[in-house]
Amino acid sequence: IIDRAENSHYLALRCDVIFFRRLCFTPMRRSAKLAIATIALGWGALSARAQVVWTGSGNWTKAANWSTGAPPGAADSAVFNGTSNSTSKVNASATVGEIDFTNASGAVTISSGSSSYTLTLNGVASGGTTYGIENDSSSAATIKSALALGGSQTWESDGGGGIIFKSTIDLG
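Here the structure is a predicted model, which is why all the values come from computation and not from measurement.

J.: What is the right way to look at the overall build of the chain in this model?
T.: A tally of regular secondary structure across the chain gives one helix and 18 strands. The buried share of the chain, reckoned over its 172 residues, is 45%. Expressed as a percentage of contacts within the chain between residues at least 6 apart in sequence, the contacts between residues at least 24 apart total 56%. With an accessible surface of roughly 8100 Å², the chain has 52% of that area assigned to carbon and sulfur atoms.

Now the structure itself:
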């Protein structure tokens, strides 16, 4: 269901469940200057990112739950891999470059502690494509936290596990 609020600068997408192989989103903006600036600047600065691996269980902001001792930042990849077979609870609004599910040996869920918390995806440039969510795993990844797009990006699931959304997605 796509809903565009009256005089709004964004589209909100509410998804109960979506299975897909590859989706590309481009934020809908009224300002041509913003679109030109986005094209001129590109997303190249995001390619120098850290891969921050989820190693714990529980709150997103808990430093001990991440391989680097801190949650991922706005240009980082939040990675859920073979050691990540649990739920990550978004307990405050956060911004990351992308979410990457790699080789997970079980289902991973990202949920939210409150409807007021949003996980913003800026996108990470890789090989000419800007990714926001990737699932290369054979296990399903479920996102139950409100999402916002910080720029144009591709969401891809090519490991067979799929991505399930049970949240609101702000398309920018």
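J.: Can you help me understand the packing of aromatic side chains in this one?
T.: What characterises a pair of aromatic rings is the spacing of the ring centres plus the angle enclosed by the ring planes. Scanning the model with the defined rule gives seven aromatic pairs in all. Measuring from centroid to centroid gives 5.0 Å for Trp155 and Phe165, while their planes differ by 25°, and the two rings are stacked. Of this pair, Trp155 sits in strand β16 (residues 153–157) while Phe165 is found in strand β17 (residues 163–165), placing the two residues ten residues apart along the sequence. The exposure class of Trp155 is buried, given its relative accessible area of 0%.

J.: How should the sheet that holds strand β7 (residues 87–90) be read in this particular structure?
T.: The pairing of strands in a sheet happens through backbone hydrogen bonds and is either parallel or antiparallel. Across the sheet, five strands lie side by side as β5-β7-β10-β14-β17; this open sheet has parallel pairing. The outermost strands of the open sheet, each flanked by one partner alone, are β5 (58–59) and β17. One ladder, built from three bridges, connects strand β14 (residues 141–144) with β17; its direction is parallel. Along β17, the bridge assignment pairs Ile143 with Phe165.

J.: Even after reading the chapter, I still don't get the pairing of strand β18 (residues 167–170), so can you show me in this structure?
T.: Regular strands show a simple pattern: their side chains alternate between the two faces of the sheet. Here β18 shows one buried face, formed by Ser167 and Ile169, and one open face, formed by Thr168 and Asp170. Here two bridges tie strand β15 (residues 146–149) to β18, and the two strands are oriented parallel to one another. Counterpart to Leu147 in the pairing with β18 is Ile169.

The rules behind the values
Residues numbered from 1 in each chain as written. Predicted model: local features only at pLDDT ≥ 70, side-chain atom pairs only at ≥ 80, totals over all residues. Heavy atoms only, no water. Helix = DSSP H or I, 4+ residues; strand = E, 2+ residues; numbered from the N terminus. Buried < 20%, exposed > 50% of the residue type's maximum accessible area, 1.4 Å probe, protein only. Contact = heavy atoms within 4.5 Å. Areas by Shrake-Rupley, 256 points an atom, 1.4 Å probe, with all protein chains shown as cover. Phe/Tyr/Trp six-rings, centres within 6.5 Å; stacked < 30°, edge-to-face > 60°. Pairing = 2+ DSSP bridges.

Geometric descriptors of this kind do not, in isolation, establish any biological role.
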